[in-house]
Structure formats: structure tokens, C-alpha cells
Amino acid sequence: MTADLAISTRGLRKTYRRFNLTRSVAVEGLDLDVPVGGVHGFLGPNGSGKTTTIRMLLGLIRADEGTMRLFDQEVPRALPQVVGRVGAIVEQPKFFPNFSGRRNLMLLAGAIHADPSLVDVVLSDVGLADRAKDRFRSYSLGMKQRLAIAATLLKDPDLLIFDEPTNGLDPAGIREIRGTMRGLADRGKTVLVSSHILGEVEQVADTVSIIARGRLLASGRVQDLIGASAVTTVRVGVHDPDAAAQVIAARGWGVRRDERMLVVDGAPAPAAITELLAGHRLFVDELVPVRADLESVFLELTAGQGPGSRADGGEHGPHGRRAQPEGGAR
């Protein structure tokens, strides 16, 4: 591992034993690199091994095989030396509901021997300075998540790990968390965020890794992955869309109706659609290529690679329960 990587894993593997004594594979040979600085999206279908990977990195569960390094320190062996540089939220943290946000953080600062003067700093960092004296129970879900992020900042970590931080939030809450993560990255922090909300990740992430069934499928800069996608989608306007759809389907390209337009997938180029339809005296009056996005890349890479028959101990252990319920804000 080089100094420009905050996280690196090689050949990481984790299995869980079911009640019938068979083994279910959660993570299988995962090679993951997270560069220092910026926001790194850790993406995959439900049951792909994201949470299991995070738990192994934090020493909450033990890997069966492979190696892991945080800031070039081997973990879990060197975790005591490097854990001070890492803050993480892997489950909904617990705060005292009748205490204010500020008092909750003051208590936590005392427990972890953090400088109490940092409490007001981190509240400002996450945009809660004006609600610091309000009781925690009065906070919205988004505010509670931001308070959890503030708690991780009390030890001024270099790496922050957030597991599905926008689950259950409304659009305003999602936007708040997105802004908080972007702000932390702009201050030089490294943020690893696991998420299935692709549109949100695309707006905030600099780099991503996409996994399925515990294996890495793609990794790199967001724009590079989008540019390399083989997905070609074109919206087509034609005077007889039903006839045009039959011609396009017969060529083997995907086609579906969207009101008066056709949406065509898989054509080698927009001009090929025009040429095909003109040969059947079906003339195009509108042809609009759809910009590739992270969601289209994600769906292309993970097609048919959901949890399937293989349970994953990451997002959920056997029978759909979260495995090893430990954690919270670290």
C-alpha cells in the first residue's frame, strides 16, 4: 500500500455459518483501494458485502482470509495505533433524548478524553450550531445523523466511514448529509460512504468502488466509469412508434415506450437507429442521446448479481438480520 491510499484490502474473505451448518459467503476475494482525500462511494446491491467489509476494517468482526491496511497500517493488528485517525458510523448511534445536542457531545468528549472546546467547532462543522441547545428528541432524522457525524469529528479523524448515512431521510435530509460529506472532503478528510442511492453518490463522490456478491466489479473516478460505460440509451421520436418499436426489437435492441417517445438501449450509435428506421420508411423527427450516469453503470455491472440464493452477512446476516450488532459512532 502506498501513502496515497487511506484503505487497501487484498483477497478479503468472510463467511458466515448458517443454522444448518452450511457456509454463506459475504465477502469473497475483495480488493479495495480508497485514495486519501475526497469522497469515495462504496456501492453495491443489498447483500453485496458492504457492511461486512466495513465491520472487518473497524475490527468489529474478523476476516477469514486476506489483508487490510488503514493508512498503511495492517489491521486489525495495528488497529490500536491507527484507530484514532478513523471515525465511523455503522449503525444508528445512541444519544440521550432529553439532553441537548451540545450536552450529548460534551458527555462524549469527556468519555473519550477529547478537548471539550471542540464540541462547538464540530457542531458548526455539521451545521447544528444554531440548534445546539435543543433537545436531541426534537431533532429531525437528518439532524440526528449530522449530530452523529459531529460525534465522530471530536477526535479530528483523517478518515470517516459512513454506512448508508441517508437511509430513511427525506430529500432535504439527504441534501444536508451530502453537503456535510462534501464539506469534510473539501477540508482534506477522506470520506468512505456506502450507499445504494446512486444519484446522491454521483453528486458528492470523487471516486467509487462497485461490488456485488463480495467481489469488486469496478473502481475509479466517477466520470471515468461513466465515460467507459457500454450503456447507450437514446430517446427517439417517430410518427409511428408502435411500428418503429417492432423494427427496433427485431434488430435485437432494447426498446420501450415513454409516452409518445421510444427509449432505445443497446444501439451502437444514435445514427444506427435513424438508418434502421429509414430503411422501413419510418422517419425520425427527434433523436436525443441520454447522458450516461452512475446508476446506468451500476445497473449494467450488477445485472443479475443481487443476493440471489447466497445470503450475505454484510448488510444482513442469515434470515435477514443484521449480523454482529455492534458499533454506532466510533
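Residues numbered from 1 in each chain as written. Predicted model: local features only at pLDDT ≥ 70, side-chain atom pairs only at ≥ 80, totals over all residues. Heavy atoms only, no water.

On to the overall build of the chain. When you go through the chain residue by residue, the secondary structure sums to 11 helices and 14 strands. A burial count over the chain gives 48% of its 330 residues as buried. Expressed as a percentage of contacts within the chain between residues at least 6 apart in sequence, the contacts between residues at least 24 apart total 71%. (Helix = DSSP H or I, 4+ residues; strand = E, 2+ residues; numbered from the N terminus. Buried < 20%, exposed > 50% of the residue type's maximum accessible area, 1.4 Å probe, protein only. Contact = heavy atoms within 4.5 Å.)

Our focus in this paragraph is the packing of aromatic side chains. Using the criterion set out here, one finds 3 aromatic pairs in the structure. Summarising the aromatic geometry, the rings of Phe96 and Phe99 are spaced 5.1 Å apart at their centres and angled 40 degrees between planes, so their arrangement reads as tilted. Among the aromatic residues, ring-to-ring pairing joins Phe95, Phe136 and Tyr139 into one connected group. The ring centre of Tyr16 lies 5.5 Å from the NZ or CZ of Lys14, which sits over that ring. In this structure, Arg103 packs its charged tip against the face of Phe99, placed 3.8 Å from the ring centre. (Phe/Tyr/Trp six-rings, centres within 6.5 Å; stacked < 30°, edge-to-face > 60°. Lys NZ or Arg CZ within 6 Å of the ring centre and 35° of its normal.)

This part covers the sheet that holds strand β10 (residues 215–221). Strand order in this open sheet of 6 strands is β6-β7-β8-β3-β9-β10, and the pairing throughout is mixed. Lying at the two open borders of the sheet, with one neighbouring strand each, are β6 (86–89) and β10. Neighbour to neighbour, the strand axes of the sheet diverge by 15 degrees on average, direction disregarded. Pairing between strand β7 (residues 159–163) and strand β8 (residues 190–195): 5 bridges, direction parallel. Looking across to β8, one finds that Phe162 is bridged to Val193. Relative to the sheet, helix α6 (residues 171–186) contacts β3 (38–43), β7 and β8, its axis offset from that of β3 by approximately 130 degrees. Helix-sheet contacts for helix α11 (residues 294–302) involve β3, β9 (207–212) and β10, and the interaxial angle to β9 is about 30 degrees. (Pairing = 2+ DSSP bridges. Axes fitted to C-alpha atoms, helices over the stretch in contact; angles between N-to-C directions.)

Moving on, we get to the confidence of the model for the chain. Per-residue confidence for the chain averages 87 on the pLDDT scale, and 89% of its residues sit at or above 70. In the predicted structure, residues 307–328 sits below a pLDDT of 50 and forms 64 contacts with residues beyond four places in sequence or in another chain. (pLDDT = per-residue confidence, 0-100.)

Sheets are built from strands that pair by backbone hydrogen bonding, the pairs being arranged parallel or antiparallel. Across the sheet, which stays open at both edges, the 4 strands sit in the order β12-β13-β11-β14 with antiparallel pairing between neighbours. Each edge of the open sheet carries a strand with a single partner, namely β12 (254–258) and β14 (284–290). Recorded for the sheet is a direction-independent mean angle of 25 degrees between the axes of neighbouring strands. Across 4 bridges, strand β11 (residues 233–238) lies against strand β13 (residues 261–265) in antiparallel orientation. In the strand pairing of β13, Val236 is matched with Leu262. The strands that helix α10 (residues 270–278) touches are β11, β13 and β14; relative to β14, the one it contacts most, it runs at about 155 degrees.

With respect to the helices and strands, Gln145 occurs in helix α5 (residues 141–153). What makes Gln145 buried here is its relative accessible area of 9%. For Gln145, the side chain forms a polar contact with the main-chain oxygen of Pro165, separated by 2.6 Å. In contact with Gln145, other than residues within four places in its own chain, are Gln92, Pro93, Pro165, Leu169 and Ile177. (Polar contact = N/O pair within 3.5 Å; in protein donor to acceptor, adjacent residues only side chain to side chain.)

So, on to α6. In a regular helix each residue adds 1.5 Å, so 16 residues correspond to 22 Å; α6 covers 22 Å between its end C-alpha atoms and thus fits that length. When α6 is considered as a whole, its buried residues turn out to be Gly173, Ile174, Ile177, Arg178, Thr180, Met181, Leu184 and Ala185. Angular distribution of buried residues about the axis of α6 spans 160 degrees; they occupy a single face of the element. Facing away from the buried surface of α6 by more than 90 degrees, the exposed residues are Pro171 and Asp186. Phi for Gly188, located one or two positions after α6, is positive at around 100 degrees. (Expected span 1.5 Å × (residues − 1). Arc of directions from axis to C-beta.)

Counting across every chain of the model gives 19 salt bridges. Note that Glu176 and Arg146 form a salt bridge whose closest N and O atoms lie 3.1 Å from each other. Here Arg146 lies in helix α5 and Glu176 lies in helix α6, a separation of 30 residues in the sequence. Under the relative-accessibility criterion, Arg146 is labelled buried at 10%. Salt-bridge contacts for Arg256 lead to Asp265; the nearest nitrogen and oxygen are separated by 3.1 Å. (Salt bridge = Lys/Arg side-chain N within 4 Å of Asp/Glu carboxyl O.)

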